[in-house]
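Letter by letter, the chains look like this.
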Amino acid sequence: MAKKIKVGVLGATGMVGQRFIQLLEGHPWFEVSEVAASERSAGKNYIDALEGRWKQAAPVPKRIAGMTVKECKPGLDCSLVFGALDSSIAGPIEQDFAKADYAVSSNSKNHRMEADVPLLIPEINPGHIALIDAQKKNRGWKGFIVTNPNCTLMGPTMVMKALDDAFGVEKAFIVSMQAISGAGYPGVASWDIVDNVIPFISGEEEKVETEPLKILGKLRGNSVEFAPIKISASCNRVAVRDGHTCSVSVQLRKKASVEEAIKAMENFSGEPQKLKLPTAPERVIVVRGEQDRPQPIMDRDTGRGMSAVVGRVRECKLLDIKFSVLSHNTIRGAAGCAILNAELLKAKGYI
Ligand code: NAP
């Protein structure tokens, strides 16, 4: 059996960091060799550094529990790092690792919109990894950074890609209902979220309105020409633990029936499925026929948390087609996507 690639998790104690630890346990290509977090955690065993914050159903893997948490500084014994750092400090830390010859697969917003940094959903824009070559040249780095997008836009963007390929998408109107885990741990205070909906999440609407344009854009030489789609988003925090649901209406360039739209969604597949990457879901978009699905508690783990689950596809009286879409925010929208990005990088010879 080929030797596994050693990987580190930056921000390993947080909500997304824990997902990395859980999803990487038993991974066929990658093995966690380092866990890193803030100065508060550094020097402690992983299990002690968690201070009771482990929020995954399975226990902390034994091999990881006793590992010493390091500071987030180059020198870690690995060649690839997954970034799950608070965005207030992620930017320069990730750059330091890329300068020091590490491949960085990041979840944080800091570098996503930089022209030479790939913003990847591997089913949609695998070709954008070619930006890595420009990035290394422009910056004189030995390593590089790739990013995955904001968790809320994950489901809507996968569906928009399926519809855009088939009919062209002109406009999208997105209303999100976002889980509490999206705010990290402890995140939103229970006093604020129980019995409540909060109609504001700082910076979220801007990300949902702009990041899909880069992801759905075309690679032209060393940069991405943004997709000419207009998106309007309204983002809400709701009392759900995991799984972001969005109500989406789209206007199409070429009119399509509800049946044709469903067919385009169900048939959508990408490079990860072709390459049979370990974390790729068999079905990228699962369309449910029941009138009351998708629902987070029932559908968020579809495709091991990596599928987008769509339901209630119907005509829209304002635009053309409307639907609900759910995706797991800490799996498909965070750690799972970053791992899939790294699998694509390995399959394409970048690591
Ligand atoms: P979180 O639960 O608050 O975890 C933050 C992590 O960053 C912890 O491991 C923390 O370590 C570490 N950290 C904080 N300050 C640090 C410092 N000065 N130096 C080094 N490490 C430091 O946050 P999260 O929800 O996991 O989010 C992590 C990143 O992923 C964020 O950028 C977020 O926007 C992004 N993201 C989150 C989601 C989601 O659904 N939650 C989805 C997509 C993207 P200590 O334990 O030592 O403090």
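As a reminder, the structure under discussion sits directly above these lines.
Position numbers for residues start from 1 in each chain and track the written sequence from start to end. Under the rules for a predicted model, residues below a pLDDT of 70 receive no local features and side-chain atom pairs below 80 are neither given nor counted, while totals for whole chains, interfaces and linings still include all residues. Note: side-chain values were computed over all heavy atoms of the structure, leaving out hydrogens and water.

K.L.:
Tell me what's going on with the overall build of the protein chain, and back it up with residues and numbers.
P.N.:
Helix and strand labels come from DSSP, where a helix needs a run of H or I of at least four residues and a strand needs a run of E of at least two; each type is numbered from the N terminus. Helix and strand counts for the protein chain come out as 12 helices and 15 strands. The C-alpha radius of gyration computed for the protein chain amounts to 19 Å, which stays within 12% of the reference 20 Å derived for 351 residues, consistent with globular compactness. Projected onto its principal axes, the C-alpha coordinates of the protein chain cover approximately 60 × 50 × 40 Å. Buried, partly exposed and exposed residues are distinguished by accessible area as a fraction of the type maximum, computed with a 1.4 Å probe on protein chains only: under 20%, between the cut-offs, and over 50%, respectively. By residue count, 56% of the 351 residues in the protein chain fall in the buried class. In this description, contact between two residues means that some pair of their heavy atoms is separated by no more than 4.5 Å. For the protein chain, the proportion of contacts with a sequence separation of at least 24, taken over those separated by at least 6, is 75%. For the area figures, the Shrake-Rupley method with a 1.4 Å probe applies, and any residue is considered shielded solely by the protein chains shown. Working note: accessible area of the protein chain is about 15,200 Å², and carbon and sulfur atoms make up 50% of it. Taking the 46 positively charged and 40 negatively charged side chains of the protein chain as two groups, their mean positions are separated by 3 Å. The globule rule is 2.2 Å times the number of residues to the power 0.38, and the radius of gyration it is compared with is taken over C-alpha atoms. Under the convention used here, Asp and Glu are negative, Lys and Arg are positive, and both His and the chain ends fall outside the count. All charge positions are set by atom: Lys at NZ, Arg at CZ, Asp at CG, Glu at CD.

K.L.:
Can you break down the pairing of strand S7 (residues 169-178) residue by residue, with the values?
P.N.:
The rule for pairing is simple: two strands pair if DSSP sees at least two bridges between them. The sheet contact formed by S7 and strand S12 (residues 244-252) spans 8 bridges and is antiparallel. Looking at S12, one finds that Val 175 is bridged to Ser 247.

K.L.:
Any details on the packing of helix H6 (residues 154-167) against helix H9 (residues 258-267)? Residues and values, ideally.
P.N.:
Think of each axis as a best-fit line through the C-alpha atoms, taken over the contacting stretch in the case of a helix, with angles from 0 to 180 degrees between the N-to-C directions. The interhelical angle for the contact between H6 and H9, taken along N-to-C directions, is 115°, at an axis separation of 9 Å. The crossing of H6 and H9 is right-handed. Across from Val 159, Ala 162, Leu 163, Ala 166 and Phe 167 in H6, the residues of H9 making contact are Glu 260, Ala 261, Ala 264 and Met 265. Each residue is assigned to one class: nonpolar for Ala, Val, Leu, Ile, Met, Phe, Trp, Tyr, Cys and Pro, charged for Asp, Glu, Lys and Arg, and polar for all the others, Gly among them. Residues belonging to the contact of H6 with H9 are distributed by class as follows: 8 nonpolar, no polar and 1 charged. By the definition used in this description, the sense in which the near helix is turned from the far one sets the handedness, with an anticlockwise turn below a right angle giving left-handed and a clockwise turn giving right-handed.

K.L.:
Would you mind going over the site of the ligand in detail, with residue names and values included?
P.N.:
Here a residue is near a molecule or strand as soon as one of its heavy atoms is found within 4 Å of it. Residues in close proximity to the ligand total 28 residues, the closest being Thr 13, Ser 38, Arg 40, Ser 41 and Leu 85. With respect to the ligand, the side chain of Ser 41 contributes an N or O atom lying 2.4 Å from an oxygen atom. Pairs of N or O atoms within 3.5 Å make up the polar contacts considered here, provided that, within protein, one atom can donate a hydrogen while the other can accept it, and that residues adjacent in sequence are counted only when both atoms are side-chain atoms. Take Leu 85: an N or O atom from its main chain is 2.7 Å from an oxygen atom of the ligand. Contact with the protein chains removes 83% of the 910 Å² of surface that the ligand exposes when unbound. Elements that contribute at least two residues to the shell around the ligand include exactly helix H1 (15-24), helix H4 (87-99) and helix H12 (331-347).

K.L.:
So, H4: which residues are in play, and what are the values?
P.N.:
Residue count minus one, scaled by 1.5 Å, sets the expected span of a helix. For H4, with 13 residues, the first-to-last C-alpha span of 19 Å sits near the 18 Å given by 1.5 Å per residue. Turning to H4, its buried residues number three or more, namely Ala 90, Gly 91, Ile 93, Glu 94, Phe 97 and Ala 98. Close packing links the buried residues of H4 with strand S1 (5-10), strand S4 (80-83), strand S5 (103-106) and strand S6 (144-147). Positive phi shows up at Asp 101, right after H4, with a value of about 75°.

K.L.:
Which residues make up the state of the cysteines, and what values do they have?
P.N.:
Should the sulfur atoms of two cysteines be covalently bonded, the bond is a disulfide. We call a pair of cysteine sulfur atoms a disulfide whenever their separation is within 2.5 Å. The tally for this structure, following the rule as stated, stands at 0 disulfides. Here Cys 72 stays unpaired: no disulfide links it, and the sulfur of Cys 78, its closest cysteine neighbor, is 11 Å away. With a relative accessible area of 12%, Cys 72 lands in the buried category. Free cysteine Cys 246: the closest other cysteine sulfur is in Cys 235, separated by 7.2 Å.

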